[in-house]
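# Topology and contacts: notes
Chain by chain, the residues run as shown.
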Amino acid sequence: MIDVIPGPDGRPRVWLVAPPGGGAYVVALFRGKYLAHYHWGGFFEPSPGALDALEAPPQGFGAAEDAADKSYSLQRLPQEYPWGRGGDFRSPAFAADVPPRGTGGPGRPVLDLVYRAYRVHPGFPDLGGLPLPAGGPEELGREGVETLELELEDPVTGLAVFLCYSTLPSAGAILRATRFLNRGAAPVALRRAFSFSLDLPPRETPLELLATDGGWARERSLERRPLGCGRIELGSRRGVSGHASSPALILAEPGADEEGGRAWGFALLYSGDWSLGVERSDEGGYRVQGGLHPELFSWTLDPGASFATPAALLCRSDEGLGVLSARFHAAARRLMPAAWRRRERPVLLNSWEAAYFDYDESRLLEIARGAAGLGAELFVLDDGWFGKRDDDRSSLGDWEPNPAKLPGGLAGLAEKVRALGLGFGLWLEPEALSPDSGLYRAHPDWALALEDRPPAEGRNQLVLDLSRPEVAAAVESRVRAVLASCRPDYVKWDMNRPFSRAGSASGRPDGELRHRWLLALYGILGRITSDFPDVLFEGCAGGGGRADFGMLPFFPQFWASDNTDPCWRLGIQRATSLFLPPLAFGAHVSASPNHQTGRTTGLRARCLVAMGGVFGLELDPAALSAAERDEVSDSIAWYKRRKELLQLGELVRLDASAGGGDAAWAMVAPGGGRAAVFWARSVNRPNAGPVRLRLRGLDPRRDYLASSREIAAFAGRRYSGCELMERGIEFQPPALGDPIVVSFDVAPAGADAPGAPGSARAGGDARGNRR
Ligand code: DGJ
């Protein structure tokens, strides 16, 4: 719902953006010209009079914007889209100027954005091809998506700024974005153009920042710290969103945990250079803002031209991080291509760690046969099938199958794989090229490089200059040709190289290049994924280097990390799950010792931890002993029987209170009819005591039957949903700290249901509360 409340003069005074279940975001007009942030929290409809509570008294050693009215200070006004170089000394949301003509005179800054008008319209704003949840006007109308656009303008330069707030009802979330239109007579140079900015009120105890950090093979490790003075900036200058973050961050009240406390989350629908910042003001308030990384961005808007920022997803919760994540997960599912939002994913085996580059067709088929024997459903041919690529030093760009490895080409291999009863999947890295490739020899200027300087290499490769239409068209047509040649069921779309020394032979201004490059990539991905809607595209960038909300409309699944060591994966998956549901990231069982960490781990641990995402295999089945083969096929069979629950259910992170690297989570079917509870310990604790796990999301009025392979005592035990959520389960972990899984299925209704709340014996009310 979007509502407009008039002031006493009958003119719009307050705007209310309230997605169902997501509370209210309230913007108010201050002094008839400035857009102030009034509230983002639980729902209420402000009365016009209440808005007089919005104060911004003048500040000592401050500045009054308007010499004729010194009764307020912008430094003290909570704002929606602050500009710089005025009397608000905090970080601005944007910076722009009209550059000097010829050589003389200073440029004129854009400032004094004043409110002009508003408009409410159905659907999302036009962001010029940037990612948004898909859907035609009818679908978005049915869903109740609507947008408020608040128009501001600098009276001197004529730059108009439209602040866009869209409701995302399926997630109880808000999408913010900003559009610019140059209504002036001179070009305007945008130097900073954030998607959103908002000022949260001062608090006695500082808010805490939850952010993730990491690198290749150690993606997303969660850090939580109180916000002190100054500004904290997260971001990427790599051309891809990076291994550290989604890009996203959370602010939480101290003490907010999975079940309680207030938390606010922000994620960008963007996959390139980004920035998210939090700044504590000198009076204790918090300014959160983010969007395109300002250092690597500039954009010239000629008179009449417009520009749109990427969208930012804003979610909040009064009930802790669990509800906050559920909102992000709902938004993530909504962003996926329609065909994949609620579609089960196959159990796949990927050839990478089984064979790396060292294979021919018969070796691949041996691996595929092994995969089929274990119960896998799809075989993925990873890197090395094209050109003369026997290592990572050549052939990217030459997307012709190597006849020495694949005499029947991709089609021949795909047919033989399908004859084994498996789907066929393929690895591609379309955005890159090797200096040692036919493509580079034919078109050396197609690589991103700085004029008159040798290009930098990363993993012996370069990045194709997609900002040039002819290069983008060539990439798209090569990908289409490969897909048409073998009709894969799955594609792993990889990208293994950050941008460095990036420039374009087109002479395009440096500040525009990276954003134009990404717009072109989004265009390619949009066309290809909608023309091949039944292909499951998994996004990869050297593992989880581009697992962001901007890629979800094309890639409903990401490869979370090349690190498949279960001890590491517990942390990576837990932090990833703050924003993405398990349906959105692949998790594979690999060999032990692990290829990235060298650690030896038990097979059962590897299997159960891989069930925390979309389960798959990354090993050579022939290297397994008979007992290990049994273990893997049992695990796959168990997982396949519960795929709907484990992939499409709701993730509930549990408090594994023993600490020391324990992790626990549950997958719960919508409505609470079924659940699977996982517990794992990454650091063994000799002489450890029992573990207690309290569940959430079950139906308190029903009984559940437990079962577990690891803990015999659970076999056939009957619990009320109420007991599971109030007291929880208790068990003594296996001696060496091996992980466990306990299944809960709703018990058939029976007179002997022990203590079923709501029954006469239990003496409970309908919500499961004891009287
Ligand atoms: C990086 C990916 O993360 C790996 O899984 C694998 O596909 C390699 N690239 C192949 O070069």
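The paragraphs below set out a description of the structure included in this document. If you're wondering where the values come from, they're calculated on a predicted model, not measured in any experiment.

## Some remarks on the sheet that holds strand E28 (residues 536-539)
Pairing is parallel in the closed barrel, where eight strands are placed in the order E22-E23-E24-E27-E28-E29-E30-E31. Recorded for the sheet is a direction-independent mean angle of 30° between the axes of neighbouring strands. Relative to strand E30 (residues 585-590), strand E29 (residues 557-559) runs parallel, the two being bridged by two bridges. Along E30, the bridge assignment pairs Trp559 with Gly586. Helix-sheet contacts for helix H5 (residues 409-419) involve strand E23 (378-381) and strand E24 (423-428), and the interaxial angle to E24 is about 145°.

## Concerning the pairing of strand E10 (residues 173-182)
In terms of burial, E10 is largely enclosed, as nine of its 10 residues are buried. Bridge analysis of strand E9 (residues 159-168) against E10 gives 10 bridges, and the strand direction is antiparallel. Within E10, the residue paired with Leu168 across the bridge is Ala173. Where E9 folds back on E10, the antiparallel hairpin that results is connected by four residues, among which Gly172 adopts a positive phi of roughly 60°. In this sheet, strand E21 (residues 312-317) lies alongside E10 in antiparallel orientation, the contact comprising three bridges. Following the sheet pairing, Ile174 is matched in E21 by Leu314. Pairing between E10 and strand E20 (residues 306-308): three bridges, direction antiparallel. Across the sheet, the residue bridging to Leu181 is Ser306, located in E20.

## Observations concerning the site of the ligand
Inspection of the region around the ligand gives 13 residues, with Asp382, Asp383, Lys492, Asp494 and Asp562 positioned closest. Taking Asp383, its side chain carries an N or O atom lying 2.6 Å from an oxygen atom of the ligand. At 2.8 Å, a side-chain N or O of Arg459 approaches an oxygen atom of the ligand. Expressed as a share of its isolated accessible area of 290 Å², the protein-covered part of the ligand is 98%. The class makeup of the residues in the shell around the ligand is four nonpolar, three polar and six charged.

## Considerations on the side chain of His329
Inspection of the secondary structure assignment puts His329 in helix H2 (residues 320-335). Taking the relative accessible area as the measure of exposure, His329 reaches 2% and is therefore buried. A distance of 3.3 Å separates the side chain of His329 from the backbone oxygen of Leu580, its partner in a polar contact. Contact partners of His329, with chain neighbours within four places excluded, come to Ser577, Leu578, Phe579, Leu580, Pro581 and Leu651.

## Observations concerning helix H9 (residues 566-576)
Restricting attention to buried positions, one finds in H9 the residues Pro566, Arg569, Leu570, Ile572, Gln573, Ala575 and Thr576. Between the side-chain oxygen of the N-cap and the backbone nitrogen of Cys567 there are 2.8 Å, and the N-cap of H9 in question is Asp565.

## Some points on the sheet that holds strand E33 (residues 662-668)
Reading across the sheet, the six strands line up as E32-E33-E34-E39-E36-E37 and stay open at both edges, with antiparallel pairing between neighbours. Single-partner strands in this sheet number two, and they are strand E32 (650-654) and strand E37 (718-720). The average undirected angle you get between the axes of adjacent strands in this sheet is 25°. When strand E36 (residues 703-707) meets E37, the two strands line up antiparallel, connected through three bridges. Pairing of Leu705 across the sheet is with Arg718, part of E37. Against the sheet, helix H10 (residues 603-610) touches E33, strand E34 (674-681) and strand E39 (740-746), its axis set at about 45° to E39.

Analysis parameters
- Residues numbered from 1 in each chain as written.
- Predicted model: local features only at pLDDT ≥ 70, side-chain atom pairs only at ≥ 80, totals over all residues.
- Heavy atoms only, no water.
- Pairing = 2+ DSSP bridges.
- Helix = DSSP H or I, 4+ residues; strand = E, 2+ residues; numbered from the N terminus.
- Axes fitted to C-alpha atoms, helices over the stretch in contact; angles between N-to-C directions.
- Contact = heavy atoms within 4.5 Å.
- Buried < 20%, exposed > 50% of the residue type's maximum accessible area, 1.4 Å probe, protein only.
- Near = heavy atom within 4 Å.
- Polar contact = N/O pair within 3.5 Å; in protein donor to acceptor, adjacent residues only side chain to side chain.
- Areas by Shrake-Rupley, 256 points an atom, 1.4 Å probe, with all protein chains shown as cover.
- Nonpolar A, V, L, I, M, F, W, Y, C, P; charged D, E, K, R; others polar.

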